[in-house]
Amino acid sequence: MLRKLWLATILTLLVVLLVVGCQKTNSITIKLEKTVSADQLKQMVKSKTNYYYVGFDWRLSPSEDVKRYTPLLNYLERQTGYNFRLRVFPQNVDIAKEMSEGRVQFSIIGPLSVLRAEKYGVKSLVIGITENGTSSYRTMIVTQRDSSINKIQDLRGRTLAFSSRTSTQGYLIPRIMLAQAKIDLSELASFESFQSYEDAANAVLGGRFDAAALQDTLAEKLAAEGLVKIIAVSDYFPSGGIAVASGIDPVTAAAVQKALLNFQPQGKDRDDLYQWNNSEMPKGFAALEGDPYAVYRPWIKKFGLLN
């Protein structure tokens, strides 16, 4: 008897819920003239949040890169009135493509990434000023202190650690150095691209690889600490900077560019920064003159790095 009463109660509740649900559904009216296009929706979202997302090529580790770049974004917010957020991608993600698809509007990237992104309408806003006071930097190849490798020619038959294949200092310039020394990749015992300069350095320090191609500032720091020896130094090449995606309002881009050019990391803005001297633009940013990355173009084509 109790079981029958329980089942009847459940059936009664289901009927009530069904009726109420139908009444609520029938009361909803969709007005097609109130719908918006995809572009209008993007504008509505943008006006509500007013966020511009900033991507970056990995330099050291993502956590260190985030700590270093977040104060820069805070500076830009104070100077422009816009809101910025860092967006961290896995190393194998193509930042250029992310910019083309609207997932990031600005990027802190090297020359190779900029040139790969040109096909998407990405343009450089500013170029970084390095420790030497110019917009140029070098790559250095390092080995363990007691290694028998003493010059770049000694790399034949040895293992070499690169940084990411989209890295200028960690991959493109080392490839140029090898080509100038008439060393083909096939003459190495093996080679591998790591996610960051830090990972490439650790591959040598841990004895897994004979040598590593590093950005000059990191190589010099490790050498000064007696951890590695430098066996090859590249010529100076144009440094990286900050780029803007296509379709960004010119007024917004101009405001960001002006703020970056006024950025004084070794002056009035120094106290708010985190280890900015270890970045690739320790002295701030400069305006672009002509095609600063022209020297890279034939090499990128030769190595097939545009795809």
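Residues numbered from 1 in each chain as written. Predicted model: local features only at pLDDT ≥ 70, side-chain atom pairs only at ≥ 80, totals over all residues. Heavy atoms only, no water.

Caption draft 1: Structural context of the pattern of salt bridges. For the structure on display, the rule yields twelve salt bridges. The closest approach of N and O atoms between Lys67 and Glu64, which form a salt bridge, is 2.8 Å. Highlighted residues: Lys67 and Glu64, both in helix H3 (residues 62-80), separated by three residues, approximately one helical turn. Residue Arg138 is joined to Glu220 by a salt bridge in which the shortest nitrogen-to-oxygen separation is 3.6 Å. (Salt bridge = Lys/Arg side-chain N within 4 Å of Asp/Glu carboxyl O. Helix = DSSP H or I, 4+ residues; strand = E, 2+ residues; numbered from the N terminus.)

Caption draft 2: Highlighting helix H7 (residues 197-205). All of the buried residues in H7 are Tyr197, Ala200, Ala201, Ala203 and Val204. Buried positions in H7, seen along its axis, are confined to an arc of 150 degrees and lie on one side of it. On its buried side, H7 packs onto strand E6 (139-144), strand E7 (159-162), helix H6 (168-180), strand E9 (211-215) and helix H8 (216-224). One or two positions beyond H7, positive phi appears at Gly207, with a value near 80 degrees. (Buried < 20%, exposed > 50% of the residue type's maximum accessible area, 1.4 Å probe, protein only. Arc of directions from axis to C-beta. Contact = heavy atoms within 4.5 Å.)

Caption draft 3: How the structure looks around the confidence of the model for the chain. Mean pLDDT over the chain: 84, with 83% of residues reaching 70 or higher. A low-confidence stretch, residues 1-38 (pLDDT under 50), is modelled with two contacts involving residues beyond four sequence positions or located in other chains. This model gives residues 44-48 a pLDDT under 50, and the stretch forms three contacts once residues within four places in sequence are excluded. (pLDDT = per-residue confidence, 0-100.)

Caption draft 4: Structural context of empty space enclosed by the protein. By the definition in use, this model includes three cavities of 30 Å³ or more. Roughly 110 Å³ of internal volume is contained in the second largest cavity. What lines the second largest cavity is a set of 15 residues, among which Asp57, Trp58, Ser167, Thr168 and Tyr197 lie closest to the centre. (1 Å grid on protein atoms, 1.4 Å probe; cavity = no way out; pocket = protein on both sides within 12 Å on 5 of 7 lines; lining within 4 Å. Points joined across faces, edges and corners; volume = space filled by probe spheres on them.)

Caption draft 5: Expanded view of the environment of Asp210. Relative to the helices and strands, Asp210 resides in the loop between H7 and E9. Exposure remark for Asp210: the relative accessible area of 28% places this residue in the partly exposed category. For the pair Asp210 and Ser147, spaced 63 residues apart in sequence, the C-alpha separation works out to 7.9 Å.

Caption draft 6: Inspection of the packing of aromatic side chains at higher detail. Here the structure, examined in full by the defined rule, presents 16 aromatic pairs. A ring pair is formed by Phe162 and Phe191, whose centres lie 6.1 Å apart and whose planes are at 80 degrees; its orientation type is edge-to-face. Of this pair, Phe162 sits in strand E7 while Phe191 is found in strand E8 (residues 190-193), placing the two residues 29 residues apart along the sequence. Judged by its relative accessible area of 39%, Phe191 falls in the partly exposed class. Ring geometry for Phe194 versus Phe209: centroids 5.4 Å apart, planes at 85 degrees, classification edge-to-face. Placement of Phe194 in the loop between E8 and H7 and of Phe209 in the loop between H7 and E9 is noted, with a sequence separation of 15 residues between them. (Phe/Tyr/Trp six-rings, centres within 6.5 Å; stacked < 30°, edge-to-face > 60°.)

Caption draft 7: Spatial organisation of the sheet that holds strand E3 (residues 106-109). Taken in spatial order, the six strands of this open sheet run E2-E1-E3-E12-E4-E13, and their pairing is mixed. The open sheet has two free edges, formed respectively by strand E2 (83-86) and strand E13 (285-286), since each of these has just one partner strand. Pairing of E3 with strand E12 (residues 241-244) involves four bridges; the strand directions are antiparallel. When the sheet's bridge partners are listed, Ile108 is paired in E12 with Ile242. Lying over the sheet, helix H9 (residues 250-261) contacts strand E1 (51-56), E2, E3, strand E4 (123-128), E12 and E13, oriented at roughly 5 degrees with respect to E4. (Pairing = 2+ DSSP bridges. Axes fitted to C-alpha atoms, helices over the stretch in contact; angles between N-to-C directions.)

Caption draft 8: Region of the structure containing the pairing of E1. By the bridge criterion, four bridges tie E1 to E2 in an arrangement that is parallel. Across the sheet, the residue bridging to Tyr51 is Asn83, located in E2. Two elements, E1 and E3, share three bridges in a ladder whose sense is parallel. Looking across to E3, one finds that Gly55 is bridged to Ser107.

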